[in-house]
Amino acid sequence: MMTPEMRRPLVAGNWKMHEGVAEAEALVHSLLAGLPATPAAEVLVLPPFTALETVHRLIGSDTRLRLGAQNCHWETAGAFTGEISTTMLEPWCAYVLVGHSERRQLFGETDEIVRRKLDAVLAAGMRPILALGETGAERERGQTQAVLLRQARSGLVGLSVDQVSRCTIAYEPIWAIGTGVAATPADASEAAAVLRSVVDEAAGREQPTVRILYGGSVTAASAASLLHAPGVDGALVGGASLRAAEFCAIVAGAGA
Ligand code: PEP
């Protein structure tokens, strides 16, 4: 049986609505130049849809960098103007992020919608990264655990053991995203323990392959302590993932 120590960390860069094709190309060149030959972490980038093909081509057979999408629709095709399906993403992507707080807050995505997207990603043979986390107000009201339990259960309960084993969870407290104020390693560990309990609940037994990431203002300076917090298996990085040298330093922090 694989022990938690044997989970390879995952460091994922969420580029959000940044980087046109030319900028994406430059960023990937810098990342490939800056990563060591064998990074301790699995490294993933999540560019905008329009850069996926280019980034996929640049990565080629280089196993140091993997590719994912930031969002998807839950149907495979249809009259959904402006949307992208998992069928369209599957040629390029190994992972798809679902449930990012910006999708939940700015685009009205409910737990139910997020679950439909997660199901679609699994059905297409890719790996979902389920993002969740509490707002600052929920935290102040002492509701963090209840929010995490609700969001994680909505995402995972009812999946098969095999499906759960293909999921990654990203704990992203909303008050920490883009604010420069990261959670403490203790906060991240506490949340990871709550989320791990839902993984166990959903899969009926310990699921050693499911990684639980922390996201929210991770920088090169904070990466090592957050990435080594007990129960934390990697990071989802926003702003700092657009700066190649800093992102590579965060990856290095995962192994330090
Ligand atoms: C994110 O949006 O997923 C994120 C973690 O952003 P930042 O690192 O900029 O806080």
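Scroll up to find the structure.
Report on the accompanying structure. Computed from a predicted model, the values in this text were never measured in an experiment.

### Comments concerning the site of the ligand
Link 1 in the chain: Neighbouring the ligand are 14 residues, the closest being Lys 16, His 100, Gly 178, Ser 217 and Gly 238.
Link 2 in the chain: Within the contact set of the ligand, an oxygen atom lies 2.6 Å away from a backbone nitrogen or oxygen of Gly 178.
Link 3 in the chain: Interatomic distance of 2.8 Å between a backbone N/O atom of Gly 239 and an oxygen atom of the ligand.
Link 4 in the chain: When the ligand sits alone it has 300 Å² of accessible area, and the protein chains cover 95% of it.
Link 5 in the chain: Split by residue class, the shell around the ligand holds 4 nonpolar, 8 polar and 2 charged.

### Remarks on the sheet that holds strand E2 (residues 42–46)
Link 1 in the chain: Taken in spatial order, the 8 strands line up as E1-E2-E3-E4-E5-E6-E7-E8 and close into a barrel, and their pairing is parallel. On average, adjacent strands in this sheet sit at an angle of 25 degrees to one another, irrespective of strand direction.
Link 2 in the chain: Relative to E2, strand E1 (residues 10–14) is paired through 5 bridges, and the arrangement is parallel. Residue pairing in the sheet places Gly 13 in a bridge with Val 45 of E2.
Link 3 in the chain: Its contacts with the sheet put helix H2 (residues 52–59) on E2 and strand E3 (66–69), and the angle it makes with E3 is roughly 170 degrees.

### Looking at the nonpolar core
Link 1 in the chain: Counting 70 residues, the largest nonpolar core has Leu 31, Val 55, Leu 65, Leu 156 and Tyr 214 as its most contacted members.
Link 2 in the chain: Per-element accounting of this core gives the leading share, 9 residues, to helix H9 (residues 185–203).
Link 3 in the chain: Discounting residues that sit within four places of it in the chain, Leu 65 has contacts with Val 28, Leu 31, Leu 32, Leu 35, Val 43, Val 45 and Ile 59.
Link 4 in the chain: Judged by nonpolar contacts, the second largest core, of 12 residues, contains Ala 12, Leu 44, Leu 97 and Leu 236.

### Details of the pairing of strand E6 (residues 168–171)
Link 1 in the chain: The alternating pattern of E6 places Thr 168 and Ala 170 and Ile 169 and Tyr 171 on opposite faces, both of which are buried.
Link 2 in the chain: Here strand E5 (residues 127–132) pairs with E6 via 4 bridges, running parallel. The partner of Leu 132 across the bridge, within E6, is Tyr 171.
Link 3 in the chain: Pairing geometry for E6 and strand E7 (residues 211–215), over 4 bridges, is parallel. If you follow Ile 169 over to E7, its bridge partner there is Ile 212.

### Topic: helix H1 (residues 21–34)
Link 1 in the chain: Given a rise of 1.5 Å per residue, 14 residues ought to cover 20 Å, and the 20 Å separating the end C-alpha atoms of H1 matches this to within 8%.
Link 2 in the chain: Listed in full, the buried residues belonging to H1 are Ala 24, Leu 27, Val 28, Leu 31 and Leu 32. Buried residues of H1, seen end-on, are gathered within an arc of 130 degrees and therefore sit on one face of the element. Looking at H1, the residues exposed on the side facing more than 90 degrees away from the buried face are Ala 22 and Ala 33.
Link 3 in the chain: Summarising the contacts, the buried residues of H1 are in contact with E2, H2 and helix H11 (244–255).

### Overview of the packing of aromatic side chains
Link 1 in the chain: Enumeration over the complete set of coordinates arrives at 1 aromatic pair.
Link 2 in the chain: Against the face of Phe 107 rests Arg 103, its NZ or CZ located 4.1 Å from the ring centre.

### Looking at the side chain of Arg 115
Link 1 in the chain: Mapped onto the secondary structure, Arg 115 falls in helix H5 (residues 111–123).
Link 2 in the chain: Taking the relative accessible area as the measure of exposure, Arg 115 reaches 16% and is therefore buried.
Link 3 in the chain: A polar side-chain atom of Arg 115 sits 3.0 Å from the main-chain carbonyl oxygen of Ser 154.
Link 4 in the chain: Once you skip the residues sitting within four places of it in the chain, Arg 115 turns out to touch Arg 153, Ser 154, Gly 155, Leu 156, Val 157, Gly 158 and Leu 159.

Here is what the cut-offs are and how they apply
Residues numbered from 1 in each chain as written. Predicted model: local features only at pLDDT ≥ 70, side-chain atom pairs only at ≥ 80, totals over all residues. Heavy atoms only, no water. Near = heavy atom within 4 Å. Polar contact = N/O pair within 3.5 Å; in protein donor to acceptor, adjacent residues only side chain to side chain. Areas by Shrake-Rupley, 256 points an atom, 1.4 Å probe, with all protein chains shown as cover. Nonpolar A, V, L, I, M, F, W, Y, C, P; charged D, E, K, R; others polar. Pairing = 2+ DSSP bridges. Helix = DSSP H or I, 4+ residues; strand = E, 2+ residues; numbered from the N terminus. Axes fitted to C-alpha atoms, helices over the stretch in contact; angles between N-to-C directions. Contact = heavy atoms within 4.5 Å. Core = buried A, V, L, I, M, F, W, Y, C linked by side-chain atoms within 4.5 Å. Buried < 20%, exposed > 50% of the residue type's maximum accessible area, 1.4 Å probe, protein only. Expected span 1.5 Å × (residues − 1). Arc of directions from axis to C-beta. Phe/Tyr/Trp six-rings, centres within 6.5 Å; stacked < 30°, edge-to-face > 60°. Lys NZ or Arg CZ within 6 Å of the ring centre and 35° of its normal.

Any link to function would need more than the numbers given here.
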